[in-house]
Amino acid sequence: QVQLVESGGGLVQPGGSLRLSCAQSGSIFSINAMGWYRQAPGKERDLVARITAGGYTNYADSVKGRFTISRDNAKNTVYLQMNSLKPEDTAVYHCKAETYARQYWGEGTLVTVSL
């Protein structure tokens, strides 16, 4: 079992920045990759950024150049640095852990980009 807890969401003005954190616990040795996903009201949950155990990263086209995914293995935490935020980035952001057996999701943290 893997437990995930997101934090760092909030209200920010357009052009601002936020850093989301995803703290992992449990059987973290089994994790192959971590990802950040987001779900806006009335829309599907979409990939934002993903990082593998080997450090390979990929991003949604809409966030390339603005968002950065990183990890601190010593702290068992994955981060999502979000810069130049836009109103369309407003969503609940969830982190996901991928293992060979299954996927685990956190409860999510709300990011609202508005004046």
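As the structure is a prediction and not an experimental result, all values here were calculated from the model. (Residues numbered from 1 in each chain as written. Predicted model: local features only at pLDDT ≥ 70, side-chain atom pairs only at ≥ 80, totals over all residues. Heavy atoms only, no water.)

Trainee: Please clarify how the environment of Val 111 should be interpreted in this entry.
Mentor: With respect to the helices, strands and loops of the structure, Val 111 is situated in strand E11 (residues 109–113). Along the backbone, Val 111 and Leu 85 are 26 residues apart, and their C-alpha atoms lie at a distance of 9.9 Å. In this view, Val 111 contacts Gly 9, Gly 10, Leu 18, Leu 20, Met 82, Asp 89, Thr 90, Ala 91 and Tyr 93; residues no more than four positions away in its chain are not counted. (Helix = DSSP H or I, 4+ residues; strand = E, 2+ residues; numbered from the N terminus. Contact = heavy atoms within 4.5 Å.)

Trainee: Which parts of the structure should I look at to understand the side chain of Thr 109?
Mentor: Locating Thr 109 in the fold gives a position in strand E11. Side-chain polar atoms of Thr 109 contact the backbone nitrogen of Gly 9, separated by 3.1 Å. Residues contacting Thr 109, with those up to four places away along its chain left out, are Glu 6, Ser 7, Gly 8, Gly 9, Leu 20, Ala 91, Val 92 and Tyr 93. (Polar contact = N/O pair within 3.5 Å; in protein donor to acceptor, adjacent residues only side chain to side chain.)

Trainee: Explanation requested: the packing of aromatic side chains in the structure shown.
Mentor: For any two aromatic rings, the description comes down to two numbers: the centre-to-centre distance and the angle of the planes. Enumeration over the complete set of coordinates arrives at one aromatic pair. With 5.0 Å between their ring centres and 70 degrees between their planes, Tyr 37 and Trp 105 make a pair best called edge-to-face. Of this pair, Tyr 37 sits in strand E4 (residues 33–39) while Trp 105 is found in strand E10 (residues 103–105), placing the two residues 68 residues apart along the sequence. Judged by its relative accessible area of 34%, Trp 105 is partly exposed. Geometry around Trp 105 places Arg 45 over its ring, the cationic atom sitting 4.6 Å from the centre. (Phe/Tyr/Trp six-rings, centres within 6.5 Å; stacked < 30°, edge-to-face > 60°. Buried < 20%, exposed > 50% of the residue type's maximum accessible area, 1.4 Å probe, protein only. Lys NZ or Arg CZ within 6 Å of the ring centre and 35° of its normal.)

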